[in-house]
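An overview of the molecular structure
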Amino acid sequence: QVQLVESGGGLVEPGGSLRLSCAASGGTFSINAMGWYRQAPGEQREVVAAITSGGTTNYADPVKGRFTISRDNAKNTVYLQMNSLKPEDTAVYYCHAVIRFSMRSPDYNYWGQGTQVTVSS
């Protein structure tokens, strides 16, 4: 059973930094795209950043220039470096991965359990 395990959330003051990590484990698979989403209270889940298996990245406008997504394919791990954090970045952050179990299998979407990021003084 594939699992995505996140770490790195917490409480930080405005202007501070956090680094989130998400490791995929549990079986033999290949990972296509990986990404981070977030959901604030009362809001819909929204994409924050995504990265393809080849390293192409995309960012939501509110985080461009402040957040950096990266991945280590050998470790099946994706990272989100968050700098210059703002109170409006406060949310539960979810890791997402598109996984394939063989060359002929369809893609499957997997989600992490979520990690809380709170930006407050």
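Heads up: the structure comes first, above all this text.
Owing to the predicted nature of the structure, the values given are computational and were not obtained by experimental measurement.

**Some remarks on the overall build of the chain**
For the chain, the helix and strand inventory stands at zero helices and eleven strands. Listing every helix and strand of the chain by position from the N terminus yields β-β-β-β-β-β-β-β-β-β-β. Its C-alpha atoms give the chain a radius of gyration of 14 Å, near enough to 14 Å, the size a compact globule of 121 residues would have. The dimensions of the chain, computed from C-alpha atoms along their principal axes, are 50 × 25 × 25 Å. Going through the 121 residues of the chain one by one, you find that 39% of them count as buried. Taking contacts inside the chain between residues at least 6 apart in sequence as the whole, the part at least 24 apart equals 55%. Here the chain has roughly 6,600 Å² of accessible surface; of this, 47% comes from carbon and sulfur atoms. A gap of 9 Å separates the mean positions of the 10 positive and 9 negative side-chain charges of the chain.

**What about the packing of aromatic side chains?**
Inspection of the entire model under this criterion finds three aromatic pairs. Counting every residue linked through ring pairs, the aromatic cluster contains Phe101, Tyr108 and Tyr110. It is arginine 19 that lies over the ring of tyrosine 79; its NZ or CZ is 4.1 Å from the centre.

**Points about the side chain of glutamate 6**
Structurally, the position occupied by glutamate 6 is in strand S1 (residues 3-7). At 7.8 Å, arginine 45 is the nearest oppositely charged side chain to glutamate 6, a buried residue that forms no salt bridge. At a separation of 2.5 Å, a polar atom in the side chain of glutamate 6 contacts the main-chain amide nitrogen of glycine 114. Within polar-contact distance, the side chain of glutamate 6 engages the backbone nitrogen of threonine 115 at 3.4 Å.

**Considerations on unusual backbone geometry**
The backbone phi angle of asparagine 76 is positive, close to 50 degrees, even though this residue is not glycine. Along the chain, asparagine 76 turns up in the loop between strand S7 (67-72) and strand S8 (77-82). If you check the backbone angles, serine 84 has positive phi at about 50 degrees while not being a glycine.

**Some remarks on the sheet that holds S7**
One open sheet holds the four strands; their spatial order is S1-S3-S8-S7, and the pairing between them is antiparallel. Of all the strands in the sheet, the pair left with one neighbour each is S1 and S7. In this sheet, adjacent strand axes meet at a mean angle of 15 degrees when their direction is disregarded.

**So, the pattern of salt bridges**
Within the structure shown, the criterion is met by five salt bridges. As a salt-bridge pair, lysine 64 and aspartate 61 come within 3.0 Å of each other at their nearest N and O atoms. Here lysine 64 matches aspartate 61 in class, with each residue exposed. With its nearest N and O atoms 2.9 Å apart, the salt bridge here joins aspartate 107 to arginine 100.

Thresholds applied
Residues numbered from 1 in each chain as written. Predicted model: local features only at pLDDT ≥ 70, side-chain atom pairs only at ≥ 80, totals over all residues. Heavy atoms only, no water. Helix = DSSP H or I, 4+ residues; strand = E, 2+ residues; numbered from the N terminus. Rg over C-alpha atoms; globule rule 2.2 N^0.38 Å. Buried < 20%, exposed > 50% of the residue type's maximum accessible area, 1.4 Å probe, protein only. Contact = heavy atoms within 4.5 Å. Areas by Shrake-Rupley, 256 points an atom, 1.4 Å probe, with all protein chains shown as cover. Lys, Arg positive; Asp, Glu negative; His and termini not counted. Charge placed at Lys NZ, Arg CZ, Asp CG, Glu CD. Phe/Tyr/Trp six-rings, centres within 6.5 Å; stacked < 30°, edge-to-face > 60°. Lys NZ or Arg CZ within 6 Å of the ring centre and 35° of its normal. Salt bridge = Lys/Arg side-chain N within 4 Å of Asp/Glu carboxyl O. Polar contact = N/O pair within 3.5 Å; in protein donor to acceptor, adjacent residues only side chain to side chain. Pairing = 2+ DSSP bridges. Axes fitted to C-alpha atoms, helices over the stretch in contact; angles between N-to-C directions.

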